[in-house]
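Inside the fold
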Amino acid sequence: MLEKFTQKAIDIVQNAQIQAGNFGSDKVYSEHILLALVLNGKAVEAKLMGAERINPDDLIKAINKKIFVKQKPKKREYISFSASAKSILEKSVEIAKEYNNALIMPAHIALAIFFSKNSGAYEVLKEFDIDEEKIVNNLVRLIEKNSAKRYYQHPEKAEPELFEKKNIDTLLANEQSVANLLKTAQSKLTARGYEILGTEQIIQSILDTEGAEITAILEKYGVSKETFNKELENFADRNEEYGERQIIFTPNAFRAMLSSLDTAREMGSVEIRPEHIVLGILKAKTGIAYRIFEKLAGENLNFEEKILNDINSSSSNIPETLAILRFAKTEAANFNKKTLGTEMILLGILNEQPSVAYNVLKKLGITLKDARKEVENLVGYSVEENSTGFEYSARAKRMLDIAYEAAKRHGKLKIAAEHLLYAITKQPDCLAMKVLEALGTDVLEIKQGILAELSS
């Protein structure tokens, strides 16, 4: 249950366990949760509850009358929760859902006590001079501030593009495997009487490649050389491929190829492979090849995701970069964000262990828990609306570009965590670097740490 609790809320729950131990209780009761909230006097929730008017000693005496125990204080780490305490925590989750909050804060726990009038915590609280109606209204207003009614603009998303748009020459530079594939695709043009390369010729070339892993995966979903070519005969014109201009690539093929480059980087690859092109076409969602995919595999929901899972299932390990970016998405969702900024990727790096980057940060005394708190200070939990799913900030895109270039420059086949960490240092104004600086390190220490770790 606690996986959706903020760190501050977890601190309240853990303190309730400590208080239960101090009382000598075998279980954590709702009264202990109340005490933990009141003792956290500096917190907004405690102030809203009028905790400054409640003497902790008087509260402890009142709780002692409700929960009379004779045991000596318990010092063990874990004490189980009573039914009343579980009910309070479950109620806090329900309140968070009602107000469309992704995470449970101390305010949800406090409000849950007022909504649980049969609990011991509520009965004890009513013994003190509090204005219940005012407190409940204030807690609700605090919770509503973090509801989906308020939208958040990510700082890195608001920045202009930090790098020039890719062109086809950049895309194909040193990409021999792609160049060979496109050479085969161009040979398909003569048979159709076309001069402009489209997505359909690219996919035909991929399906012609014997023994290719992606070809076997596509056949699994009904997309084979035979079925694709048969469906291709139904397209009498190429209006799906280009508009007013005719270039070496149709606009949709060009868009798909650029998308394949982004896909390769997100999957931690320093070369564009046929599977990246297929995923690029699926992401672009335009072009003749995509229409045929829709026809042949349309009944497969989340086709793109299934293809990606099939590709990864054939590998013994998920690529390091892909694992990092997946965790970054989980972290972004926990913060109610749809933009993947550099700060979320940093959290992903800190989760990926063992890795060179993780070891560097660990030796610098930086932990996932501490970094998460600093990210919370920077971006908060207010909701960021985005109906199209996750998208990278301008600096995060640049971060992936730098990591790609670094890996390729050093002759690596995969983008590793250390390349991503190095990329953070190349953008000293990004949010990830601000987090690292707040935790007491700088660009020079990180670069030296990477070199030392690689040397060892």
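For the structure itself, look to the data block above.
Reading the values: rules and limits
Residues numbered from 1 in each chain as written. Predicted model: local features only at pLDDT ≥ 70, side-chain atom pairs only at ≥ 80, totals over all residues. Heavy atoms only, no water. Helix = DSSP H or I, 4+ residues; strand = E, 2+ residues; numbered from the N terminus. Buried < 20%, exposed > 50% of the residue type's maximum accessible area, 1.4 Å probe, protein only. Contact = heavy atoms within 4.5 Å. Salt bridge = Lys/Arg side-chain N within 4 Å of Asp/Glu carboxyl O. Axes fitted to C-alpha atoms, helices over the stretch in contact; angles between N-to-C directions. Parallel < 35°, antiparallel > 145°, perpendicular 65-115°, else oblique. Left-handed = near helix turned anticlockwise from the far one by under 90°. Nonpolar A, V, L, I, M, F, W, Y, C, P; charged D, E, K, R; others polar. Phe/Tyr/Trp six-rings, centres within 6.5 Å; stacked < 30°, edge-to-face > 60°. Lys NZ or Arg CZ within 6 Å of the ring centre and 35° of its normal. Core = buried A, V, L, I, M, F, W, Y, C linked by side-chain atoms within 4.5 Å. Patch = residues over 30% accessible without salt bridge, like charges linked within 9 Å, V, L, I, M, F, W, Y side chains within 5 Å. Areas by Shrake-Rupley, 256 points an atom, 1.4 Å probe, with all protein chains shown as cover. Lys, Arg positive; Asp, Glu negative; His and termini not counted. Charge placed at Lys NZ, Arg CZ, Asp CG, Glu CD. Polar contact = N/O pair within 3.5 Å; in protein donor to acceptor, adjacent residues only side chain to side chain.

As for the overall build of the protein chain
Each helix and strand counted, the protein chain has 25 helices and 2 strands in total. Within the protein chain, the proportion of its 456 residues that are buried is 52%. Sequence separation of at least 24 residues holds for 72% of the intrachain contacts in the protein chain that already meet a minimum separation of 6.

Considerations on the pattern of salt bridges
One pass over the full model with this rule turns up 12 salt bridges. Here aspartate 208 and lysine 225 are joined by a salt bridge, their closest N and O atoms 3.2 Å apart. Of this pair, aspartate 208 sits in helix α11 (residues 199–208) while lysine 225 is found in helix α13 (residues 225–232), placing the two residues 17 residues apart along the sequence. Relative accessible area serves as the criterion here: at 27%, aspartate 208 is assigned to the partly exposed category. Residue class for lysine 225 comes out partly exposed when judged on its relative accessible area of 38%. A salt bridge links glutamate 231 to lysine 295; the nearest nitrogen and oxygen atoms lie 3.3 Å apart. Linking glutamate 231 in helix α13 with lysine 295 in helix α16 (residues 288–297), this pair joins segments that are 64 residues apart in sequence. Here the salt bridges do not stand alone but share partners, grouping Lys117, Lys126 and Glu132 into one network.

Focus: helix α2 (residues 30–39)
With 9 of 10 residues buried, α2 is to be regarded as a mostly interior element. Every buried residue of α2 is accounted for by Ser30, Glu31, His32, Ile33, Leu34, Leu35, Ala36, Leu37 and Val38.

Structural notes on the packing of α11 against α13
Between α11 and α13, whose axes approach to 10 Å, the crossing angle comes to 160°. The angle between the axes of α11 and α13 places the two elements in the roughly antiparallel class. Considering the relative orientation of α11 and α13, their crossing is left-handed. Of α13, the residues touching α11 (which contributes Glu200, Ile203, Gln204, Leu207 and Asp208) are Lys225, Phe228, Asn229 and Leu232. Taken together, the residues of the contact of α11 with α13 break down into 4 nonpolar, 2 polar and 3 charged.

Quick notes on the packing of aromatic side chains
In the structure shown here, the tally under the stated rule is 1 aromatic pair. Looking at arginine 265, its charged tip hangs above the ring of tyrosine 404, at a distance of 3.8 Å from the centre.

A short note on the nonpolar core
The biggest cluster of nonpolar side chains holds 86 residues, and the ones touching the most others in it are Phe293, Ile307, Leu421 and Ile424. In contact with isoleucine 424, not counting residues within four places along its chain, are Leu346, Ile349, Met399, Cys430, Ala432, Met433 and Leu436. Judged by nonpolar contacts, the second largest core, of 49 residues, contains Ile33, Ala62, Ala85 and Ala96.

Thoughts on a negative patch on the surface
A cluster of acidic residues, Asp429, Glu437, Asp442 and Glu445, forms a negative patch at the surface. Here glutamate 437 is to be found in helix α24 (residues 431–438).

Focus on the side chain of threonine 441
Locating threonine 441 in the fold gives a position in the loop between α24 and α25 (443–455). Take threonine 441: its relative accessible area is 6%, and that puts it in the buried class. Here glutamate 445 takes part through its side chain, which lies 2.9 Å from a polar atom of the side chain of threonine 441. What threonine 441 contacts, discounting residues up to four positions off in sequence, is Leu364, Ile366, Leu436 and Ile446.

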